[in-house]
Amino acid sequence: MHSLHLNSEPVGMAVVGAGYWGPNLARNIALNPATALRWVCDLDVGRAERLAAPYAGVRCTAVVEAVLDDPLVEAVAIATPAATHADLAIACLRAGKHVLVEKPLAASVADAQRMIEVADREGRIIMCDHTYCYSPAVRAIAGLVQEGELGDVLFIDSVRINLGLVQPDVDVLWDLAPHDLSILDFVLPTELRVDSVAAQGADPLRTGRSCIGYLTLALAGGTIAHLHVNWLSPTKVRTMIVGGSRRTLIWDDLNPAQRVSIYDRGVDWIDHGDLDQHRRSQVAYRLGDMVAPALRDDEPLARVVGELAAAARGELEPVTSARSGLRVLQVLEAASESLRRGGIAVAVQPLGMASLP
Ligand SMILES: NC(=O)c1ccc[n+]([C@@H]2O[C@H](COP(=O)([O-])OP(=O)(O)OC[C@H]3O[C@@H](n4cnc5c(N)ncnc54)[C@H](O)[C@@H]3O)[C@@H](O)[C@H]2O)c1
């Protein structure tokens with residue numbers, strides 16, 4: 001049954017998955033005047049009921065079909081493990097609902113392509129919850145990079161490490177690297193155009209999957225990026241360095257007073273082709289001030305939910321669309337192949353995107 005579309009009404013929504021992340025989605029959906037939380041669904045219905053308890057009039061179920069049969073539900077937020085995303089999203093899309101799917105969009109590129117085909121056919125939206133792309137810090141970084149304030153991006157170095165739960169269905173690359181990859185996709189003028197990826201992983205506690213991961217990406221235009229993700233670090237670190245030919249930016253997400261610092265420093269390579277070999281080339285360093293832009297302290301997920309509501313009303317295309325989710329999955333699949341093949345660089349083939357939304 002297709003959902004009721006009343007433009008003046010808030011977008012009726014359900015949350016499927018009431019574990020760690022589902023409550024954050026439910027709270028933002030309940031608080032946003034553009035959305036109304038109508039259902040919480042979890043295989044463990046007691047968990048759904050505990051989550052729904054503070055919100056008036058929210059119904060609970062263990063079976064997603066109850067949600068799909070309700071014409072007042074126009075969009076479903078899916079916060080279940082990655083391996084379940086494709087089947088749940090396809091069921092929602094076939095029932096005429098828009099979907100907001102947690103990262104990673106799916107457990108494989110093939111699954112994501114199936115989801116996109118169904119969304120196309122049904123004329124419904126898939127938005128991927130790449131939450132960081134809605135944070136004031138990442139918005140500021142995107143503006144600086146795209147307006148050329150940093151010059152050409154030469155390198156990116158990211159560290160995302162903490163004590164994390166070992167996930168039942170994904171390794172640390174599939175759990176944490178989607179954050180960094182989606183940020184690169186959003187921030188870089190070339191999107192996430194990756195020529196190749198090399199991955200190393202380690203499982204020193206023998207959990208059965210990599211708990212420590214390193215990714216090296218060769219990006220379009222000669223930029224190199226290195227991502228370190230780790231569930232076994234007792235110290236939490238969330239930093240990203242974006243080194244440009246004009247300026248260098250350091251984002252420390254754990255420093256709310258100064259999340260982003262821009263150093264007016266850069267390097268120039270001067271080639272005096274007419275001099276002898278020893279004196280011909282030299283690196284010139286420029287050393288200037290540091291500035292820290294003032295950033296708002298908005299909750300990114302509130303903006304995700306607002307954008308989903310606007311997209312459901314046909315007012316805009318979500319920035320973190322199924323396309324961006326798919327680009328992230330392409331890199332993750334290549335990274336997994338690299339892990340299996342001992343860390344060699346694996347080429348990332350661009351998909352034919354013409355038919356994708
Ligand atoms: N955007 C972010 O910053 C962010 C942060 C954390 C987690 N996540 C993502 O959210 C998703 C969920 O992660 P989590 O840590 O909350 O997991 P979790 O294991 O804590 O919770 C998942 C819940 O889904 C329920 N579930 C599983 N299959 C179901 C089904 N078919 N129907 C209904 N309920 C079902 C489980 O019973 C469980 O309660 C993952 O994709 C994860 O990557 C995103």
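This structure is a prediction, so every number in the text was calculated from the model and none was measured.

Caption draft 1: How the structure looks around the overall build of the protein. For the protein, the helix and strand inventory stands at nine helices and 17 strands. For the protein, whose C-alpha radius of gyration is 22 Å, the value lies close to the compact-globule estimate of 21 Å for 357 residues. C-alpha extents for the protein along the principal axes are approximately 80 × 45 × 45 Å. Considering only contacts in the protein between residues 6 or more positions apart, those separated by 24 or more positions represent 66%. Carbon and sulfur atoms provide 53% of the accessible area of the protein, an area that totals close to 16300 Å². Each charge sign in the protein was given a centre, from 32 positive and 43 negative side chains, and these centres are 1 Å apart.

Caption draft 2: Highlighting the sheet that holds strand 11 (residues 232-244). Spatial ordering of the open sheet is given by 16-13-12-11-7-10-9-8-17, a layout of nine strands whose pairing is mixed. Each end of this open sheet is capped by a strand with a single partner; those strands are strand 16 (290-291) and strand 17 (346-347). The pairing of strand 8 (residues 194-202) with strand 17 spans two bridges and is classified as antiparallel. Note on strand 17: the bridge partner recorded for Val197 is Val346. Across the sheet, helix 6 (residues 136-146) lies against strand 7 (153-163), strand 11, strand 12 (248-252) and strand 13 (260-263), angled at about 170 degrees from strand 12, the strand it touches most. On top of the sheet, helix 7 (residues 172-187) reaches strand 7, strand 8, strand 9 (212-219), strand 10 (224-230), strand 11 and strand 12; it is set at about 145 degrees to strand 10, its chief contact.

Caption draft 3: Spotlight on the pairing of strand 8. The sheet contact formed by strand 8 and strand 9 spans eight bridges and is antiparallel. Directly across from Ala202, in strand 9, lies its bridge partner Ile212.

Caption draft 4: Seen up close, the environment of Gly306. Within the secondary structure layout, Gly306 lies in helix 8 (residues 300-312). A relative accessible area of 27% means that Gly306 is categorised as partly exposed. Measuring from C-alpha to C-alpha, the distance between Gly306 and Thr35 comes to 7.9 Å, with 271 residues separating the pair along the chain.

Caption draft 5: Molecular detail of the packing of helix 6 against helix 7. Packing of helix 6 against helix 7 brings their axes to within 9 Å, and their N-to-C directions diverge by 40 degrees. Here helix 7 runs oblique to helix 6, going by the angle between their axes. Across the interface between the two elements, Val138, Arg139, Ile141, Ala142, Val145 and Gln146 of helix 6 pack against Ile183, Phe186 and Val187 of helix 7. Class assignment of the residues belonging to the contact of helix 6 with helix 7 gives a composition of seven nonpolar, one polar and one charged.

Caption draft 6: Focus on the packing of aromatic side chains. A full pass over the atoms with the stated rule returns two aromatic pairs. Taking the centre distance of 6.0 Å and the plane angle of 45 degrees together, the rings of Tyr20 and Trp21 count as tilted. The exposed category is assigned to Tyr20, whose relative accessible area is 72%. Measuring from ring centre to ring centre gives 6.0 Å for Tyr132 and Trp251, while their planes differ by 70 degrees; the resulting arrangement is edge-to-face. With Tyr132 in the loop between strand 6 (126-129) and helix 6 and Trp251 in strand 12, the pair connects residues that are 119 residues apart, well separated along the chain. As far as the burial class goes, Tyr132 and Trp251 line up, both buried.

Caption draft 7: Representation of the nonpolar core. Within the largest apolar cluster, 106 residues are counted, with the highest numbers of intra-cluster contacts made by Ile126, Leu217 and Trp251. Each residue touching Leu217, except ones within four places of it in the same chain, is listed here: Leu181, Leu184, Val194, Ser196, Val197, Thr223, Ile224, Ala225, Leu227 and Val331.

Caption draft 8: Looking closely at the site of the ligand. With respect to spatial proximity, 20 residues lie near the ligand, and among them Trp21, Asp42, Arg47, Lys103 and Thr131 are the closest. Taking Arg47, its side chain carries an N or O atom lying 2.5 Å from an oxygen atom of the ligand. Within the side chain of Glu102, a nitrogen or oxygen atom sits 3.0 Å from a nitrogen atom of the ligand. Taken together, the residues of the shell around the ligand sort by class into nine nonpolar, six polar and five charged.

Caption draft 9: Seen up close, the pattern of salt bridges. One pass over the full model with this rule turns up 15 salt bridges. Note that Asp44 and Arg47 form a salt bridge whose closest N and O atoms lie 3.7 Å from each other. Put simply, Arg259 and Asp297 hold a salt bridge, and the shortest N to O gap is 3.4 Å. Separated by 38 residues along the polypeptide, Arg259 in the loop between strand 12 and strand 13 and Asp297 in the loop between strand 16 and helix 8 bring together distant segments of the chain.

Procedures and definitions
Residues numbered from 1 in each chain as written. Predicted model: local features only at pLDDT ≥ 70, side-chain atom pairs only at ≥ 80, totals over all residues. Heavy atoms only, no water. Helix = DSSP H or I, 4+ residues; strand = E, 2+ residues; numbered from the N terminus. Rg over C-alpha atoms; globule rule 2.2 N^0.38 Å. Contact = heavy atoms within 4.5 Å. Areas by Shrake-Rupley, 256 points an atom, 1.4 Å probe, with all protein chains shown as cover. Lys, Arg positive; Asp, Glu negative; His and termini not counted. Charge placed at Lys NZ, Arg CZ, Asp CG, Glu CD. Pairing = 2+ DSSP bridges. Axes fitted to C-alpha atoms, helices over the stretch in contact; angles between N-to-C directions. Buried < 20%, exposed > 50% of the residue type's maximum accessible area, 1.4 Å probe, protein only. Parallel < 35°, antiparallel > 145°, perpendicular 65-115°, else oblique. Nonpolar A, V, L, I, M, F, W, Y, C, P; charged D, E, K, R; others polar. Phe/Tyr/Trp six-rings, centres within 6.5 Å; stacked < 30°, edge-to-face > 60°. Core = buried A, V, L, I, M, F, W, Y, C linked by side-chain atoms within 4.5 Å. Near = heavy atom within 4 Å. Polar contact = N/O pair within 3.5 Å; in protein donor to acceptor, adjacent residues only side chain to side chain. Salt bridge = Lys/Arg side-chain N within 4 Å of Asp/Glu carboxyl O.

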